[in-house]
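# Survey of secondary and tertiary structure
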Amino acid sequence: MAYRFVHTADLHLDSPLRSLALRNAELADLVSDASRQALIAIVDLCLEEQVDALVIAGDLYDGEQTSMKTARFLASQLERLHRAGIGVFKIRGNHDALSKIARELVMPDTVKIFGGHAEAVEATKGSLSIAIHGLSFAKPQAPDPLLPKFKPPVAGAVNIGIMHTSLAGSAGHDVYAPCNVLDLHASGFDYWALGHLHQRSQYPGTATVIMPGMPQGRDINESGVKTVSLVTVADDRTVTVEERRTSIAQFERVDVDLTDVDDWRDAAMAIEAALTAQRDHTASPHLVARLRLSGRTPLSWQLRRDVDLMQAEAEQRGDRIGRTWIEKLELAFEAPVSLAEAAVADPVVELGALMRNEVIARRGFRDDVREMVRDLLADLPPESRAFAGHDEAGFERFIDSLLADGAEDIAARMKAAERGDS
């Protein structure tokens with residue numbers, strides 16, 4: 001008789017909204033509630049598949065939560081599993097190591113929360129002997145490896161390890177409980193249920209090693225459909241893993257090429273066509289899109305000046321498509337330069353070139369902007385800093401684009417004023 005469980009991690013319940021672009025109140029409500037809806041979807045999956053257990057590899061909560069609303073919600077979901085006889089095996093990660101809810105909430109006796117010392121819980125299912133090993137973070141920082149602290153595999157049993165780890169390191173994530181994947185495969189365990197990294201990965205080898213990613217993205221840097229692992233351990237101890245979707249809102253970047261588009265309505269229609277195509281390929285119930293408008297178009301001046309109006313147009317068309325939301329518009333196009341403009345000096349064009357080539361290139365100005373961005377990044381959690389690059393070269397490219405966009409925006413407004421646009 002097979003032993004089956006669902007493996008997830010990094011739900012981050014009650015995570016604060018990090019995207020400054022979420023100015024739409026309805027969208028903000030959707031995203032803020034999406035992680036809870038993802039947990040409901042996970043519990044629904046457990047019940048529908050009649051699994052034996054739910055394994056949560058850390059960061060169920062986002063920090064030192066005190067919300068009784070969250071406590072009641074979590075208790076109701078755990079009770080659903082308890083009534084069905086489904087066990088829950090959970091460890092604490094860096095975000096929920098000090099969670100007050102974890103300490104104050106009375107859990108059903110079917111819920112096992114592993115502490116700061118390694119344990120192994122044994123069970124049987126038919127002819128299978130199962131040993132589930134876990135070890136929680138005792139505090140938010142875990143700079144040392146945890147693998148050596150795990151108990152040895154139980155002889156004759158299917159050994160399942162639960163660990164919150166950054167593995168060998170990943171861009172956008174601080175180092176937590178570092179671990180070499182080769183050591184996991186050499187540990188003698190059959191399955192490693194990992195957590196911490198928000199991108200799903202599977203690491204082939206002797207054992208089945210899965211980082212499931214988060215079951216619900218929170219902003220554009222956590223784009224794509226999000227899933228959990230449905231794991232089946234057969235009587236012959238072979239392990240099969242299926243991905244099952246859990247994300248309610250799916251963040252996606254959508255490119256719209258406006259080359260040679262010279263009419264505002266045509267631009268809006270191109271946006272609608274791109275959104276419709278992405279909606280058709282989006283697995284989650286809701287699409288949250290960041291639009292990137294590019295190409296060489298006569299509308300570039302107007303779009304830079306009136307980007308808020310085009311966002312409103314895009315939002316209206318998203319409503320028409322259904323369950324399609326606009327998180328932000330990014331502008332990445334160039335204004336066409338006619339032969340006449342090239343032959344006759346245009347003071348606005350010249351000023352734009354001056355800003356790009358001289359003013360923003362001055363070391364003092366660039367250093368000031370660089371320092372402002374560094375201060376902003378210091379106030380953000382590590383996983384929210386990817387927009388500014390993953391290394392020093394990427395950071396400098398971000399500064400280049402920031403300065404160039406600023407110069408283009410100023411020139412666009414001056415050009416509109418010169419032409420008398422309303």
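Residues numbered from 1 in each chain as written. Predicted model: local features only at pLDDT ≥ 70, side-chain atom pairs only at ≥ 80, totals over all residues. Heavy atoms only, no water.

- Looking at an unreviewed UniProt entry, one finds the chain named DNA repair exonuclease SbcCD nuclease subunit, with Rhizobium binae as its source organism.

## Notes on the overall build of the chain
- When you go through the chain residue by residue, the secondary structure sums to eleven helices and 15 strands.
- The burial tally for the chain puts 50% of its 422 residues in the buried class.
- Taking the contacts inside the chain whose residues are at least 6 apart along the sequence as the reference set, 73% of them involve residues at least 24 apart.
- Accessible surface computed for the chain: about 19,600 Å², of which carbon and sulfur atoms make up 51%. (Helix = DSSP H or I, 4+ residues; strand = E, 2+ residues; numbered from the N terminus. Buried < 20%, exposed > 50% of the residue type's maximum accessible area, 1.4 Å probe, protein only. Contact = heavy atoms within 4.5 Å. Areas by Shrake-Rupley, 256 points an atom, 1.4 Å probe, with all protein chains shown as cover.)

## Quick look at the sheet that holds strand S2 (residues 53-57)
- Spatially, S4-S3-S2-S1-S11-S12 is the arrangement adopted by the six strands of the open sheet, whose pairing is mixed. Bordering the open sheet on either side are strand S4 (111-113) and strand S12 (239-245), each of which pairs with just one other strand. The mean inter-strand angle of the sheet, taken between neighbouring strand axes irrespective of direction, is 20°.
- As judged from the five bridges shared by strand S1 (residues 3-8) and strand S11 (residues 227-233), these two strands associate in the antiparallel manner. Considered in S11, the bridge of Val6 is made with Leu230.
- Strands S1, S2, S11 and S12 of the sheet are contacted by helix H1 (residues 25-49), whose axis makes an angle of about 170° with S1. (Pairing = 2+ DSSP bridges. Axes fitted to C-alpha atoms, helices over the stretch in contact; angles between N-to-C directions.)

## Quick word on the pattern of salt bridges
- Here the structure, examined in full by the defined rule, presents 16 salt bridges.
- Here Glu222 makes a salt bridge to Arg218, at a shortest N to O gap of 3.0 Å. The exposure classification of Glu222 matches that of Arg218, with both residues buried.
- In the salt-bridge network here, residues are joined through shared partners; they are Arg4, Glu49, Glu242 and Arg244. (Salt bridge = Lys/Arg side-chain N within 4 Å of Asp/Glu carboxyl O.)

## Regarding the sheet that holds strand S5 (residues 119-125)
- Strand order across the open sheet formed by six strands is S5-S6-S7-S8-S10-S9, with mixed pairing between neighbours. Each having just a single partner strand, S5 and strand S9 (201-203) make up the two edges of the open sheet. Taking each pair of neighbouring strands and ignoring which way they run, the sheet shows an average axis angle of 20°.
- Bridge analysis of strand S7 (residues 158-164) against strand S8 (residues 191-195) gives five bridges, and the strand direction is parallel. Within the sheet, the bridge partner assigned to Ile162 lies in S8 and is Ala193.

## Description of helix H7 (residues 307-321)
- Under the 1.5 Å per step criterion, the end-to-end length of H7 is 21 Å for 15 residues, consistent within 8% with the ideal 21 Å.
- Listing the buried residues of H7 in full gives Met310, Gln311, Ala314, Glu315, Arg317 and Gly318. All buried residues of H7 lie within an arc of 165° about the axis, which places them on one face of the element. Within H7, the exposed residues directed more than 90 degrees away from the buried face are Asp319 and Arg320.
- Where H7 is buried, its residues contact helix H5 (264-280), strand S14 (286-296), helix H6 (300-305) and strand S15 (324-334).
- Of the residues flanking the end of H7, it is Gly322, one or two places downstream, whose phi is positive at about 100°. (Expected span 1.5 Å × (residues − 1). Arc of directions from axis to C-beta.)

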